Amino acid sequence: MKIGFVGLGNMGAPMAANLAAAGHEVTGFDTAAPPPEGVRAAASAAEAARGAEIVITMLPDGAILRRVAAEVLPAMAPGMVLLDCSTVDVDSARAVAAEAEAAGVLTVDAPVSGGVGGAQGGTLTFMAGGPVEAFDRVAPLLDVMGRKAVHCGLAGAGQSAKICNNMILGATMIVTCEAFALADKLGLDRQAMYDVVSTSSGQSWSMTSYCPAPGIGPQSPADNEYAPGFAAELMLKDLRLAQQAAESADADTPVGELAMRLYERFVESEGGTGKDFSAMLERLAARGRA
Ligand code: NAD
């Protein structure tokens, strides 16, 4: 397929490279990063989009996505598909879908889970929103870039699924870290707590697959001095998107809001920037109630 790819950063570059390696004809554009091997460089987003059957975007946020969509949509032929894999706010995903519809272009919002390792290895999970017809058209590309793709509903459903998942993840990580910090102060051995919780009703992915305590459970960023993994600032981005969506939809999400505030403090004034989001354990273990 002829593919235009806009946004060749940490995630976009390996995703575009995997598509090129699978035999697709990929033309890429980024305002700062050079194209990876196998990807032809375009001078603008519009040039990357011209003549493409599918245009993929992998950009930092919703405002940039809206700007790039305004550039690429006029260059796309009716009936083609705009596939956005960035994590953006639900309102921007829906606004871009509406603009595209007016131009006769189909859209799929398909944010990913799996991080840079998943992008490099082609093992990402995609959660997708958009018409079934558009999802079916991009499915062969999702198969190259990832291992699993779930069609979640109409425009914005992919972003909605992503932020709901990550709101649960942020909150469960914090409370899992809290439990380890409390166990320390109660004189309860961390390994003993892990052995109990990982097979009891308090278990979660944060405990059993990504344990925030070093030396316990499977290998995780905690065993590598909390080098990310999934950086605290990216978790903060997703928790903010969840609150933005909750406000827009008038949903009551008090724990999600508190999780956002805690990651805000952690990132902005408690040294969390550049650390994995599970480093919240160090912060909590170092503090008392005051
Ligand atoms: P990144 O900052 O490395 O890449 C974004 C790229 O977009 C940059 O190279 C930047 O130069 C480019 N860009 C910005 N404005 C542009 C424009 N107007 N035209 C063309 N290119 C432009 O970010 P990333 O880590 O690759 O993340 C991309 C998206 O994926 C984000 O929405 C992020 O939330 C999401 N995501 C990232 C991870 C991760 O672990 N890094 C995991 C899941 C989801």
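Not measured: the values here are computed from a predicted model.

Caption draft 1: Looking closely at the packing of helix 10 (residues 232-249) against helix 11 (residues 254-269). For the pair helix 10 and helix 11, the least separation of the axes is 9 Å and the interaxial angle reads 145°. When you trace helix 10 past helix 11, the crossing you get is left-handed. On helix 11, the residues touching Ala232, Glu233, Met235, Leu236, Leu239, Arg240 and Gln243 of helix 10 are Gly256, Glu257, Ala259, Met260, Tyr263, Glu264, Phe266, Val267 and Glu268. The residue inventory of the contact of helix 10 with helix 11, partitioned by class, reads 9 nonpolar, 2 polar and 5 charged.

Caption draft 2: Representation of the packing of aromatic side chains. All told, the structure shown has 5 aromatic pairs when counted by the stated rule. With 6.4 Å between their ring centres and 70° between their planes, Tyr263 and Phe266 make a pair best called edge-to-face. One end of the pair, Tyr263, and the other, Phe266, are both in helix 11, 3 residues apart, so they sit about a helical turn from each other. Taking relative accessible area as the criterion, Tyr263 reaches 0% and is therefore assigned buried. The buried category is assigned to Phe266, whose relative accessible area is 2%.

Caption draft 3: Structural detail: the site of the ligand. As a structural note, the neighbourhood of the ligand is formed by 23 residues, with Asn10, Met11, Asp30, Leu59 and Lys237 the closest of them. Within the side chain of Asp30, an N or O atom sits 2.6 Å from an oxygen atom of the ligand. In this structure, an oxygen atom belonging to the ligand sits 2.8 Å away from a main-chain N or O atom of Leu59. Surface burial for the ligand is 83%, taken as the share of its 830 Å² of free accessible area covered by protein chains. For the shell around the ligand, the elements supplying multiple residues, two or more each, are helix 3 (62-72), helix 5 (115-121) and helix 10.

Caption draft 4: Up close: the state of the cysteines. Summed over the entire model, instances satisfying the criterion amount to 0 disulfides. Free of any disulfide, Cys177 has its nearest cysteine sulfur in Cys211, 8.6 Å distant.

Caption draft 5: Structural context of helix 11. If you check helix 11, its first and last C-alpha atoms are 22 Å apart, about what 16 residues at 1.5 Å a residue would give, namely 22 Å. Where the residues of helix 11 are buried, they touch helix 7 (157-185), helix 10 and helix 12 (280-285). Immediately downstream of helix 11, the backbone of Gly271 shows phi near 80°, a positive value.

Caption draft 6: Representation of the pairing of strand 6 (residues 106-109) in the model. The alternating pattern of strand 6 places Leu106 and Val108 on one face and Thr107 and Asp109 on the opposite face, and all of these are buried. Handedness of the strand 5 (residues 81-84)-helix 4 (residues 90-102)-strand 6 crossover: right-handed.

About the cut-offs
Residues numbered from 1 in each chain as written. Predicted model: local features only at pLDDT ≥ 70, side-chain atom pairs only at ≥ 80, totals over all residues. Heavy atoms only, no water. Axes fitted to C-alpha atoms, helices over the stretch in contact; angles between N-to-C directions. Helix = DSSP H or I, 4+ residues; strand = E, 2+ residues; numbered from the N terminus. Left-handed = near helix turned anticlockwise from the far one by under 90°. Contact = heavy atoms within 4.5 Å. Nonpolar A, V, L, I, M, F, W, Y, C, P; charged D, E, K, R; others polar. Phe/Tyr/Trp six-rings, centres within 6.5 Å; stacked < 30°, edge-to-face > 60°. Buried < 20%, exposed > 50% of the residue type's maximum accessible area, 1.4 Å probe, protein only. Near = heavy atom within 4 Å. Polar contact = N/O pair within 3.5 Å; in protein donor to acceptor, adjacent residues only side chain to side chain. Areas by Shrake-Rupley, 256 points an atom, 1.4 Å probe, with all protein chains shown as cover. Disulfide = S-S within 2.5 Å. Expected span 1.5 Å × (residues − 1). Right-handed = clockwise from strand over helix to strand, strands pointing away.

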